[in-house]
Amino acid sequence: MKRLTESLPGTRAAALLALALMTGALPAAPALAADASPTPAWVATWQASPQPVWGADFLFSAHVPSELRDQTVRQVARVSLGGQRLRIVLSNAYGKQPLTVAKTTVARPRQGSGDGALADDSLRAVTFGGQEAATILPGASLVSDPVALPVAALSQVAVSLYLAHATPIDTFHWDGRQTGWLVSGDQTRAATLRLTDRARQSTTARPLLTGIQVETAQAARAVAVIGDSITDGATASLDQDRRWPDFLAARLAPHGVAVVNAGISGARLLSDGMGVNALARLERDVLAQPGVRSVIVLLGINDISWPGTAFAQHAEPPTLASLTAGYRQLIAQAHSRGIRVVGATLTPFEGALPGTPLADYYQPGKNALRRQVNDWIRHSGAFDAVIDFDAALRDPAHPARIAARFDSGDHLHPGDEGNRAMADAVALDALLPGLGAH
């Protein structure tokens, strides 16, 4: 026993010596942390959610031909966050056959040109898997290789696609609120487009192009907004980036946070219309977008108001229970991916769409359901936070109507100042806790 006791100090000393040798042979943990540098990461910075192209007999014109052949499509998009490199996303989500894009370029548009002209020395070729030509399979999307084109936050990018062979257009975004161009031949590298008929060669729809991502020096966060025509910017000034998510992007860019607009005009929470229902597109348009940490949900007014119109005379209106079940399912799916969900109240719409085939879009009973939905959004606790757009836009003297200074004139969609008011009503802490403190 005595020998064992006496041997312990020697054993302890040997162990300490071995530990000292090991410690001296390895870099200390704090040194590793100090030497570590941020890892570049990709974040979604712009989006136009894909929709199926409808037939010629639909209420609205599609603004795109059913087929393109030996033509170049040039589109302009304003990013929210910038980066040293970018990549684009093309979609054939609703196509029934493979589509081949023969050539693609990106550039910065010439400021103030308004005709698709490109800034000097900004043109870059885009490849896919190292190849100039690319095929998009039916139902699929295609992400390009990184392109070394530095872009600043809130700046514009021009994307040109050359479709050499007969290409049916089955997938698009209908209301781009930005003029694009459909011109003959391969003009992907043309600094100035050759236009023969401006009226016939321009479009506000977005064929094939569905996203832009940028590489940031370290991982950046994005906020997605899933909504309908109010989010899509139906009455915002054309070519001016004045949708309410655009104004929100301007508020968030200084914080290093991107905004991606997943609005589709005519969209609904529970059923298909001008796009598929929200749950059917949630994965593609929100959950799969790189960097998304929060989503704002502004959906439900079309679910409530489309039934009973001239175009859906016999459709059954939703119930409060069916709408809240849809919201809860959307929340559950987002939470399963660690994404914060912010609910937004539905805006006033008394007298909506006068003098149109949808003049019966508003009815007192529909407004009663809207108010019930808003009460649930505000008080159920189902959402992580709430933005009260109803309170931000309503006329205090007539709460069922949008205040005149915010109204676009159709009593449903806000104008530019209404869009600004909506963006200003968003508490940044509601989107990402702690953001407003910086």
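Everything below is about the structure printed above this text.
Student: So what's going on with the side chain of S160? Which residues, and what values?
Tutor: Relative to the helices and strands, S160 resides in strand β11 (residues 156-163). With relative accessibility at 1%, the residue S160 sits in the buried group. In terms of polar contacts, S160 uses its side chain to reach the side chain of R74, at 2.7 Å. Once residues lying within four places of it in the same chain are set aside, the contact partners of S160 are T72, V73, R74, K103, T104, T105 and T188.

Student: So what's going on with the sheet that holds strand β2 (residues 51-52)? Residues and values would help.
Tutor: Taking strand neighbours across the sheet as the criterion, the 3 strands line up as β2-β13-β16 in an open arrangement whose pairing is antiparallel. Across the chains shown, the open sheet's two edge strands, defined by having one partner strand only, are β2 and β16 (206-207).

Student: Let's hear about unusual backbone geometry: which residues, and what values?
Tutor: Despite not being glycine, D239 shows a phi value in the positive range, around 65°. Assignment of secondary structure puts D239 in the loop between α4 (229-232) and α5 (244-252). Taking the relative accessible area as the measure of exposure, D239 reaches 29% and is therefore partly exposed. You will see that H411, though not glycine, has its phi angle at about 65°, which is positive. You can see H411 is positioned in the loop between β24 (398-402) and α11 (416-424).

Student: I'd love a proper account of the sheet that holds strand β1 (residues 41-47), names of residues and values included.
Tutor: A sheet is described by the order of its strands in space; here 4 strands give the open sequence β1-β17-β5-β10, paired in antiparallel fashion. Strands at the two margins of the open sheet, each flanked by one partner only, are β1 and β10 (141-143). Neighbour-to-neighbour, the strand axes of this sheet turn through a mean angle of 25°, independent of strand direction. Bridge analysis of β1 against strand β17 (residues 209-216) gives 6 bridges, and the strand direction is antiparallel. When the sheet's bridge partners are listed, Q47 is paired in β17 with G211.

The rules we used
- Residues numbered from 1 in each chain as written.
- Predicted model: local features only at pLDDT ≥ 70, side-chain atom pairs only at ≥ 80, totals over all residues.
- Heavy atoms only, no water.
- Helix = DSSP H or I, 4+ residues; strand = E, 2+ residues; numbered from the N terminus.
- Buried < 20%, exposed > 50% of the residue type's maximum accessible area, 1.4 Å probe, protein only.
- Polar contact = N/O pair within 3.5 Å; in protein donor to acceptor, adjacent residues only side chain to side chain.
- Contact = heavy atoms within 4.5 Å.
- Pairing = 2+ DSSP bridges.
- Axes fitted to C-alpha atoms, helices over the stretch in contact; angles between N-to-C directions.

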